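The residues making up each chain are set out below.
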Amino acid sequence: MQLNIRLNTEAVADTSASDALKDASKRKQASNETLDEAWVRILSGKHSDSDLRKLHEVKRAMSEGIIGREPLKVGKKSMPKFSKAEALRIWSQLSEMQRESKLAELVANTPSNYVLVTDVGELKALVDRAMNEPIIAVDTETTGLDVYVDVIVGVSLTLPIENVHYYIPFEPTNDERALPAEHIEILRPLIEGTSVKKVLHNALYDMAMFRRHGIELLGVAWDTQHAMHMLNENESDTTPNKPYALKHLATKYLKEPSDTFGELFGRGAKFAEIPLDIALVYGAKDTDLTWRLYEFQSQHLAKYPEMYEYYTTVEVALLYVILDLEENGYILDLDFAKQYGQQLAEQAESLKAWIIEFISPYHEGEDVINLNSGQQMKPALSKAIGKELPNLDAKRTLKPLKDKHEVIAKLLEYKRITKLSGTYIDTLPTKQHPKTKRWHSRFNPMGTVTARFSSGKDDESSVEQFNVQNQPYDARKMFVAPKGKVLVSADFKAQEIRCVASMSQEPALLEAFKLGRDPYAMLAMQYTGLPYEQVNKNPDGSDTEWRKKMKVAWLAWLYGASDFTLGDWLGTTKTEAGKFMGELKESLPTLSAWLDGNVDFVKRNGYVWMHKNQRKRRLPAAKWKRKFINGDYNDPKFATERIHNGKISGALRMATNARVQGSSAIQTKVTMVKSHEYCKTREGWALWATVHDELIFEIPDDFTREDIEAIRKLMTDSYTFEGVENGTDIEVMTVWGEGMTPTEWFKSKEETG
DNA sequence: ATTCTGAGCCAC
DNA sequence: AAACGTGGCTCAGAAT
């Protein structure tokens, strides 16, 4: 059999006429092939993981007689050779059959406490009963995934005391029993009432959908998706695809096998068109599972009172902040973007022409060289400058060569411009929401393992969203304040260093913030014994060498960089860098002990705590044993061991960084909640954005000095680290990034009258 | 034609 | 021996 396979493969490759006879005899052979032989032939080929899985499913189903080969096509005399393509077509047929039988089974086994509500009187009575429950589970089904356009087609409610799960279909559900859309009003007192608390899975979505109907979902007490992330931020390690989907969590934690919407109905299915008997069992199961997940999670989290308190008072309250932040969105100056984009395009074009002319003689391909292709550019550029380049990394490889070679200087500028226009200036204008006419970002509170926000596009949403947290300075100029308003940005001055000062109680750092001095200079003073002024700023206002060096060492320390890397950063040898770090540790014993303590803790426990035990970062690899490698470390046969050991090193590096980054994120989040509360008391005030250590407000442009003072107080007083005062820098802008101090603002206002 | 991955680079 | 933490987007090139 092995031999046959090899011959077959060769036959495909060799099409010369002399082999025609051989081919014919082989075809005959193939037609006599048994199904088992065909499977061996097909499975011995190269397949993707998903194809391989499908092929095995089909093979099993065929051997169990669940499904057979495709029927003979009309007009054909004999069965074609069994092929991979046919097997995959059979798989589609099979999965359709399975989906249908699964749905039938679901409906047949609808629990007796799942109730479909299609009568106005029944709905009113249900709301009355729900008002007597202390806490319920809520979920919505909708026409689509655009929270500014789509509408609710059904609401699920779980009443835990009554122990009944309801599904209430509304128009435009495609069934005459669905309630008229306006009857969603009957739910208003329940949804807007704060006496009945609510549990949801991914609450932000349902909050936004109710808002579409003019109903505010108030009293949210728990989000089972968000809470799961608090309980295990590493869920994707075990469930790579949509790890926080309700159905996956139910399958894993409630031992309740469940299918996602897509698995059950296929991609692109519309909920409004699903028959009501199926909609009931699916919809009611949603809040049923959400409620059970809530019980499981709250019992577990209650064992950690600080985490419980933090989750329920900060992260849950934050949902309302995010809802407003995302809905408020941004306004872009499209005229500016267009003009700026044209200017960049012209610059890019002339640079491109010059570089192509210069580099073409060194390019081996037939087509014109693509300047964006590393594969083409690396060899061509290496030849052009007569030096083998390891990569095309702008910062590390190209920048040091730019003064020697004009082509590299021009290439760097070309890369900068095309990145700027391609990712930002030309792209962002296309993402305006057709209905709201604004640009909407996303602030994902479970997007990072450290508690920071991530920003970008929500996979589930059909709203065009963008990452607002990585906009470069030149792109920020497109963002303008709404008419009659200004943007006021306030950052936490040296947030992470203050956090470390407090957590470590390092005297040099505590002293720095007490005296209002520069922390890096204070560390340098401690290390060198030189006077403060001498290690801080030069007479011309620039940083001293010592301050610069200390800033780099600080980062290396916090990120757990090796001596090798620090040497690279400082432009010294590994040995020199190691000596420097050693001496630095000796001169700062308290800070040093704190850093070592973090590593000890994570090695013993496999996790670290963020400020006041409010969140955990789980780093299980920190507890692993290193795998001993006897021989050449780079030998490919040790790949598994290297990866294993690398994970341990990574976990140890992350221990300190997670504590610092996470604790700082907690400070930012608490400040956001308080700022949002404050904005609600002020006409025309709103939060506009957050970028890790920075909050940006939008406020009416006739603001006063007292208003600025109020923002300052929100920043400095909302959340403090013991023993360290907060600091903030405030700027006023009408265009993002083009700021002035409040003093300058008021001065220019007086001058212009 | 669509989906995935890696390189590279934007932010803090 | 390896060698910097947290993210997201674009493009090229490959895989499907």
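Residues numbered from 1 in each chain as written. Chains lettered and ligands numbered in written order. Predicted model: local features only at pLDDT ≥ 70, side-chain atom pairs only at ≥ 80, totals over all residues. Heavy atoms only, no water.

Participant: For this particular structure, what's the right way to read the protein's contact with DNA strand B?
Facilitator: What surrounds DNA strand B is a group of 18 residues, the closest being Ala394, Arg452, Asn470, Pro472 and Asp693. The sugar-phosphate portion of DNA strand B accounts for 86% of its atoms within 4 Å of the protein, the bases making up the rest. Contact between DNA strand B and Ala394: a phosphate oxygen at 3.1 Å from a main-chain N or O atom of the residue. One of the side-chain nitrogen or oxygen atoms of Asp693 is found 2.9 Å away from a sugar or linking oxygen of DNA strand B. Secondary-structure elements contributing two or more residues to the surface near DNA strand B are helix 17 (406-425) and helix 18 (473-476). Examining the composition of the surface near DNA strand B, we find that three residues originate from one element, helix 17, more than from any other. Here the surface near DNA strand B is built from residues that sort into six nonpolar, five polar and seven charged. (Near = heavy atom within 4 Å. Polar contact = N/O pair within 3.5 Å; in protein donor to acceptor, adjacent residues only side chain to side chain. Helix = DSSP H or I, 4+ residues; strand = E, 2+ residues; numbered from the N terminus. Nonpolar A, V, L, I, M, F, W, Y, C, P; charged D, E, K, R; others polar.)

Participant: How should the protein's contact with DNA strand C be read in this particular structure?
Facilitator: Around DNA strand C, 33 residues are found, and the nearest of them are Ser373, Thr565, Tyr633, Asn634 and Arg653. Each atom of DNA strand C within 4 Å of the protein was classed as base or backbone; sugar and phosphate made up 70%. Separating a phosphate oxygen of DNA strand C from a side-chain N or O atom of Gln376 is a distance of 3.5 Å. Measuring from a sugar or linking oxygen of DNA strand C, one finds a side-chain N or O atom of Gln661 at 3.0 Å. The leading source of residues in the surface near DNA strand C is helix 27 (residues 639-680), at five residues.

Participant: Could you clarify how one ought to interpret helix 28 (residues 705-717) in this entry?
Facilitator: One turn of the α-helix equals 3.6 residues, which is why residues spaced by three or four share an orientation. Compared with an ideal rise of 1.5 Å per residue, which puts 13 residues at 18 Å, helix 28 spans 18 Å between its outermost C-alpha atoms and is within 8% of the ideal. The elements touched by buried residues of helix 28 are strand 11 (485-492), helix 27, strand 15 (694-700), strand 16 (728-733) and helix 29 (742-752). (Expected span 1.5 Å × (residues − 1). Contact = heavy atoms within 4.5 Å.)

Participant: Teacher, can you tell me more about the nonpolar core here?
Facilitator: Side chains that are nonpolar tend, in soluble globular proteins, to be buried together. Counting 177 residues, the largest nonpolar core has Leu123, Leu157, Ile168, Leu187, Tyr330 and Phe479 as the members making the most contacts within it. Sorting elements by how many residues they give to this core places helix 13 (residues 305-328) first, with 12 residues. When residues no more than four places from it in sequence are discounted, the contact partners of Phe479 are Tyr330, Ile331, Leu332, Leu428, Phe466, Val468, Gln471, Trp688, Thr734, Val735 and Trp736. One finds Tyr167, Phe271, Ile274 and Ile278 within the second-largest nonpolar core, a separate group that totals 16 residues. (Core = buried A, V, L, I, M, F, W, Y, C linked by side-chain atoms within 4.5 Å. Buried < 20%, exposed > 50% of the residue type's maximum accessible area, 1.4 Å probe, protein only.)

Participant: How do you make sense of the pattern of salt bridges when you look at a structure like this?
Facilitator: If the charged atoms of two oppositely charged side chains come close together, the side chains can form a pair. A full pass over the atoms with the stated rule returns 41 salt bridges. Two residues, Arg41 and Glu33, come together in a salt bridge whose shortest N-O distance is 2.8 Å. On the basis of relative accessibility, which here comes to 22%, the residue Glu33 falls in the partly exposed class. The partner of Lys242 in a salt bridge is Glu460, with the nearest N and O atoms 3.5 Å apart. A residue pair is termed long-range when its members are at least 10 positions apart, and Lys242 in the loop between helix 9 (224-231) and helix 10 (246-253) and Glu460 in the loop between strand 8 (440-441) and strand 9 (465-466) qualify at 218 residues. Counted as one network, the salt bridges with shared partners bring together Arg211, Glu216, Asp324 and Glu327. (Salt bridge = Lys/Arg side-chain N within 4 Å of Asp/Glu carboxyl O.)

Participant: When you look at a nonpolar patch on the surface in this model, what are you seeing that I'm missing?
Facilitator: A cluster of nonpolar residues, Leu555, Tyr559 and Trp569, forms a patch on the protein surface that exposes about 300 Å² of accessible area. Along the chain, Trp569 turns up in helix 24 (residues 563-570). Judged by its relative accessible area of 39%, Trp569 is partly exposed. (Patch = residues over 30% accessible without salt bridge, like charges linked within 9 Å, V, L, I, M, F, W, Y side chains within 5 Å. Areas by Shrake-Rupley, 256 points an atom, 1.4 Å probe, with all protein chains shown as cover.)

Participant: Teacher, can you tell me more about the sheet that holds strand 5 (residues 197-200) here?
Facilitator: Hydrogen bonds between backbone groups are what pair the strands of a sheet, and the pairing can be parallel or antiparallel. The mixed open sheet is built from six strands, whose spatial order is 1-4-3-2-5-6. With one partner strand each, in any of the chains shown, strand 1 (114-116) and strand 6 (220-223) form the two edges of the open sheet. Neighbour-to-neighbour, the strand axes of the sheet open up by a mean angle of 25°, direction not taken into account. Two elements, strand 1 and strand 4 (residues 164-169), share three bridges in a ladder whose sense is parallel. Across the sheet, Val115 pairs through a bridge with Tyr166, a residue of strand 4. Sitting on the sheet, helix 8 (residues 203-212) is in contact with strand 2 (135-142), strand 3 (152-159), strand 5 and strand 6, with an inclination near 70° to strand 2. (Pairing = 2+ DSSP bridges. Axes fitted to C-alpha atoms, helices over the stretch in contact; angles between N-to-C directions.)

Participant: Would you mind showing me how to read the packing of aromatic side chains here?
Facilitator: Here the structure, examined in full by the defined rule, presents 32 aromatic pairs. Consider the rings of Phe358 and Tyr362, whose centres lie 6.3 Å apart with planes at 40°: the pair is tilted. Geometrically, the ring pair formed by Phe703 and Trp745 is stacked, given 5.4 Å between the ring centres and 25° between the ring planes. In this pair, Phe703 sits in the loop between strand 15 and helix 28 while Trp745 sits in helix 29, placing the two residues 42 residues apart along the sequence. In this structure, Phe703 and Trp745 share a single accessibility class: buried. Every member of this aromatic cluster is reached through a ring pair, and the members are Tyr167, Phe261, Phe265, Phe271 and Tyr282. Between Lys549 and the ring centre of Phe580, over which it is positioned, the NZ or CZ distance is 4.4 Å. It is Arg705 that lies over the ring of Phe746; its NZ or CZ is 4.4 Å from the centre. (Phe/Tyr/Trp six-rings, centres within 6.5 Å; stacked < 30°, edge-to-face > 60°. Lys NZ or Arg CZ within 6 Å of the ring centre and 35° of its normal.)

Participant: I keep staring at the pairing of strand 3 and nothing clicks. Help me out?
Facilitator: Consecutive side chains along a regular strand alternate between the two faces of the sheet. When you tally the buried positions in strand 3, you get eight out of eight residues, the bulk of the element. Relative to strand 4, strand 3 runs antiparallel, the two sharing six bridges. For Ser156, the partnering residue across the bridge sits in strand 4 and is Tyr167. Linking strand 3 back to strand 4 in an antiparallel pair, the connection comprises four residues, with Asn163 at a positive phi of about 60°.

Participant: Can you walk me through the side chain of Asn234 in this structure?
Facilitator: Structurally, the position occupied by Asn234 is in the loop between helix 9 and helix 10. Residue classification places Asn234 among the buried positions, given a relative accessible area of 14%. Setting aside chain neighbours within four positions, we find Asn234 in contact with Tyr244, Arg617, Arg618 and Pro620.

Participant: Before we go on, may I ask you to explain the environment of Glu295 in this structure?
Facilitator: Inspection of the secondary structure puts Glu295 in helix 12 (residues 276-301). Each C-alpha atom of the pair Glu295 and Cys499 lies 34 Å from the other, and the pair is 204 residues apart in sequence.

Participant: Help me understand the environment of Ala409 in this model?
Facilitator: Locating Ala409 in the fold gives a position in helix 17. Under the relative-accessibility criterion, Ala409 is labelled partly exposed at 30%. Along the backbone, Ala409 and Val316 are 93 residues apart, and their C-alpha atoms lie at a distance of 50 Å.

Participant: Mind showing me how you'd approach the pairing of strand 15 here?
Facilitator: Counting buried positions along strand 15 gives six out of seven residues, so the element sits mostly inside the fold. Note: strand 11 against strand 15, seven bridges, orientation antiparallel. Along strand 15, the bridge assignment pairs Val488 with Phe697. Of the strand pairs in this sheet, strand 14 (residues 686-690) and strand 15 are connected by four bridges, and their pairing is antiparallel. By the bridge assignment, Ala689 is partnered in strand 15 with Ile696.

Participant: What should I look at first to understand the packing of helix 8 against helix 13 in this one?
Facilitator: Any two packed helices are characterised by the angle at which their axes cross and by the distance between the axes. Two elements in contact, helix 8 and helix 13, have axes separated by 10 Å at closest approach and are oriented at 55°. With respect to each other, helix 8 and helix 13 are oriented oblique. In this structure, the crossing between helix 8 and helix 13 has a hand that is right-handed. Residues Ala203, Leu204, Met207, Ala208 and Arg211 of helix 8 form the contact with helix 13, whose participating residues are Leu319, Tyr320, Ile322, Leu323, Asp324 and Glu327. (Parallel < 35°, antiparallel > 145°, perpendicular 65-115°, else oblique. Left-handed = near helix turned anticlockwise from the far one by under 90°.)

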